[in-house]
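# Observations on the model geometry
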Amino acid sequence: MTSDEPRDTLEAAKEALEGKGLTAGNIEAGRWLFAQPCDFVRGSTDIENLPPPGAPEVCFAGRSNVGKSSLVNALTGRNTLARTSNTPGRTQELNFFALGPKGYPALTLVDLPGYGYARETRSRVEQWTKLVMAYLQGRVALQRVLVLIDARHGLKDSDHEVMKLLDTTAVSYQVVLTKTDKLKAAEVGPRIEEVRQGIRRHVAAHPKVIATSSVKGEGIAELRAEIASLADPEAFRYKPRSE
Ligand code: GTP
Ligand code: MG
């Protein structure tokens with residue numbers, strides 16, 4: 001959602017989100033934060049080559065092709081910030097993006113390479129696990145891992161495996177369904193419920209599941225609000241001095 005959206009749409013979204021326990025303040029914070037500049041910082045293929053930790057970080061994890069890079073683009077309202085593709089395995093490095101008012105990064109978004117691509121070689125899978133797990137276990141700035149699940153397919157074995165690994169780390173994670181536009185409206189609720197049941201055995205999983213479509217914009221305002229609650233609160237007070 002953008003600030004030039006008609007007023008009644010914004011009001012309707014606010015009411016719907018308030019029903020999900022988010023206040024108008026949360027929603028406004030999310031809208032404001034994601035309207036700020038967002039810049040690519042670095043793509044890291046090596047754990048020794050990460051940017052120095054700064055602002056709080058939120059990363060996007062999930063199977064190959066689930067829509068991680070598309071979700072980064074939808075949240076930031078930019079089509080080409082993160083590179084997307086029909087071919088699984090597009091993102092091969094940890095891509096860092098700084099979000100916030102100019103000169104004050106409020107949050108770092110991290111687009112991760114996907115897992116679970118069936119045609120991947122064993123050594124590539126091991127490489128992914130090593131790099132991503134080293135990042136997840138050792139990153140002090142990391143506030144939350146968003147584990148993306150394709151709404152058409154629900155939880156797969158590889159998702160449970162990754163969540164099991166995450167259960168052993170100290171970082172909290174939250175499930176986000178993607179591509180809800182590919183389901184009939186009546187199928188979305190039951191899929192959310194099924195996933196909610198499926199993650200109950202994972203001790204560190206955030207209980208709230210957010211359903212999104214990067215194509216249709218569903219759930220984007222809600223996810224922005226959720227992520228904004230993890231940003232550096234000082235950034236919201238930051239106003240560049242006028243010349
Ligand atoms: P890897 O980097 O390869 O792990 O993939 P990824 O998870 O970053 O997926 P990406 O964003 O590249 O999207 C994969 C494909 O799914 C692309 O063809 C996107 O256009 C499509 N896609 C992503 N999000 C949505 C969505 O919400 N709805 C629909 N219909 N298609 C989507
Ligand atoms: Mg990607």
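Every value quoted in this text rests on a predicted model; they were computed, and no experiment measured them. (Residues numbered from 1 in each chain as written. Chains lettered and ligands numbered in written order. Predicted model: local features only at pLDDT ≥ 70, side-chain atom pairs only at ≥ 80, totals over all residues. Heavy atoms only, no water.)

## Structural notes on the nonpolar core
Ranked by internal contacts, the top residues of the largest apolar core, which has 35 residues, are Tyr-135, Leu-136 and Val-145. Those elements giving two or more residues to this core turn out to be strand E2 (57-62), strand E3 (94-99), helix H4 (122-138), strand E5 (142-150), helix H5 (157-167), strand E6 (172-178) and helix H6 (185-198). Per-element tally for this core: the top contributor is H4, with six residues. Discounting chain neighbours no more than four positions away, the residues touching Val-145 are Cys-59, Ala-61, Leu-136, Leu-166, Val-171, Ser-172, Tyr-173 and Gln-174. (Core = buried A, V, L, I, M, F, W, Y, C linked by side-chain atoms within 4.5 Å. Buried < 20%, exposed > 50% of the residue type's maximum accessible area, 1.4 Å probe, protein only. Helix = DSSP H or I, 4+ residues; strand = E, 2+ residues; numbered from the N terminus. Contact = heavy atoms within 4.5 Å.)

## As for the site of ligand 1
In the neighbourhood of ligand 1, 23 residues make up the surrounding shell, with Lys-68, Ser-70, Asn-86, Gly-89 and Asp-181 lying closest. The backbone of Val-66 places a nitrogen or oxygen atom 3.3 Å from an oxygen atom of ligand 1. In this structure, an oxygen atom belonging to ligand 1 sits 2.6 Å away from a side-chain N or O atom of Ser-70. Burial of ligand 1 by the protein chains amounts to 89% of its free accessible area of 660 Å². The class makeup of the residues in the shell around ligand 1 is three nonpolar, 14 polar and six charged. (Near = heavy atom within 4 Å. Polar contact = N/O pair within 3.5 Å; in protein donor to acceptor, adjacent residues only side chain to side chain. Areas by Shrake-Rupley, 256 points an atom, 1.4 Å probe, with all protein chains shown as cover. Nonpolar A, V, L, I, M, F, W, Y, C, P; charged D, E, K, R; others polar.)

## Considering the sheet that holds strand E4 (residues 107-111)
Pairing is mixed in the open sheet, where seven strands are placed in the order E1-E3-E4-E2-E5-E6-E7. Either end of the sheet is taken by a strand with one partner, and the two such strands are strand E1 (38-44) and strand E7 (210-211). With six bridges connecting them, E1 and E3 associate as antiparallel partners. Across the sheet, the residue bridging to Asp-39 is Ala-98, located in E3. Contacts from helix H3 (residues 68-76) reach E1, E2, E3, E4, E5 and E6 within the one sheet, and its direction differs from that of E2 by about 140 degrees. Each of E6 and E7 touches H6; the most contacted strand, E6, lies at about 155 degrees to it. (Pairing = 2+ DSSP bridges. Axes fitted to C-alpha atoms, helices over the stretch in contact; angles between N-to-C directions.)

## Things to note about the packing of H3 against helix H7 (residues 220-228)
Packing of H3 against H7 leaves a shortest axis separation of 10 Å and a crossing angle of 85 degrees. Relative to H7, the element H3 lies roughly perpendicular. Touching Leu-71, Ala-74 and Leu-75 of H3 are Ile-220, Leu-223, Arg-224 and Ile-227, all from H7. Class assignment for the residues of the contact of H3 with H7 results in six nonpolar, no polar and one charged. (Parallel < 35°, antiparallel > 145°, perpendicular 65-115°, else oblique.)

## Some words on the side chain of Gln-174
Within the secondary structure, Gln-174 is located in strand E6. Excluding anything up to four places from it in sequence, Gln-174 contacts Arg-144, Val-145, Leu-146, Val-147, His-206, Lys-208, Ile-210 and Glu-226.

## Some remarks on the packing of aromatic side chains
Scanning the entire structure with this criterion turns up four aromatic pairs. Centre to centre, the rings of Trp-32 and Phe-236 are 5.4 Å apart; their planes meet at 45 degrees, and the pair counts as tilted. Here Trp-32, found in helix H2 (residues 24-34), pairs with Phe-236, found in the segment after H7; they are 204 residues apart in sequence, far enough to count as distant. Note on Trp-32: relative accessible area 23%, which makes it partly exposed. On the basis of relative accessibility, which here comes to 26%, the residue Phe-236 falls in the partly exposed class. Plain terms: the ring middles of Phe-96 and Tyr-135 are 6.1 Å apart, the flat faces sit at 80 degrees to each other, and that makes the pair edge-to-face. Placement of the pair is Phe-96 in strand E3 and Tyr-135 in helix H4, with a sequence separation of 39 residues. In this pair, the class of Phe-96 matches that of Tyr-135, namely buried. (Phe/Tyr/Trp six-rings, centres within 6.5 Å; stacked < 30°, edge-to-face > 60°.)

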